[in-house]
Amino acid sequence: MVKLGYFDWLRAASSQAVLIGHALTIFLPSIFMVERADGFLEAARTVPYVQNLGVVVFFARSGYMVTNAVSGEMAAPQFGLEHLIVNRATSIFVPYVRTALIM
């Protein structure tokens, strides 16, 4: 498996774009929203949502990395659906449980 270090930076930048976009939407809604005649807010069509681009980049990058990891594991003789599910579940739930216990 090829180690591509810039994907970590891309993941960090895309996740920060999501956080910044949500923060701007919450704290400065006038940037992304316009008031309708009935008093409700709707999305402004002139400004693209920063978080949407961040989500697309994050999921495309994650899909590539998971596919790369799985294709590298497929050569192993013990590889199977059970192995794939256990491997993916442990990579997701171990940090999740650890964080939940800390909180």
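Residues numbered from 1 in each chain as written. Predicted model: local features only at pLDDT ≥ 70, side-chain atom pairs only at ≥ 80, totals over all residues. Heavy atoms only, no water.

## Examining the packing of aromatic side chains
- As enumerated under the stated definition, the model contains 2 aromatic pairs in all.
- Measuring from ring centre to ring centre gives 5.9 Å for Phe58 and Phe59, while their planes differ by 75°; the resulting arrangement is edge-to-face.
- By relative accessible area, Phe59 is classed as exposed at 56%.
- When the centroid spacing of 6.4 Å and the interplanar angle of 75° are considered together, the rings of Phe93 and Tyr96 count as edge-to-face. (Phe/Tyr/Trp six-rings, centres within 6.5 Å; stacked < 30°, edge-to-face > 60°. Buried < 20%, exposed > 50% of the residue type's maximum accessible area, 1.4 Å probe, protein only.)

## Quick word on the pattern of salt bridges
- Under the defined criterion, the tally for this structure stands at 1 salt bridge.
- For Arg36, the salt bridge identified is with Asp38, shortest N-O distance 3.0 Å.
- Relative accessible area serves as the criterion here: at 35%, Arg36 is assigned to the partly exposed category.
- According to the relative accessible area criterion, Asp38 is partly exposed, its value standing at 48%. (Salt bridge = Lys/Arg side-chain N within 4 Å of Asp/Glu carboxyl O.)

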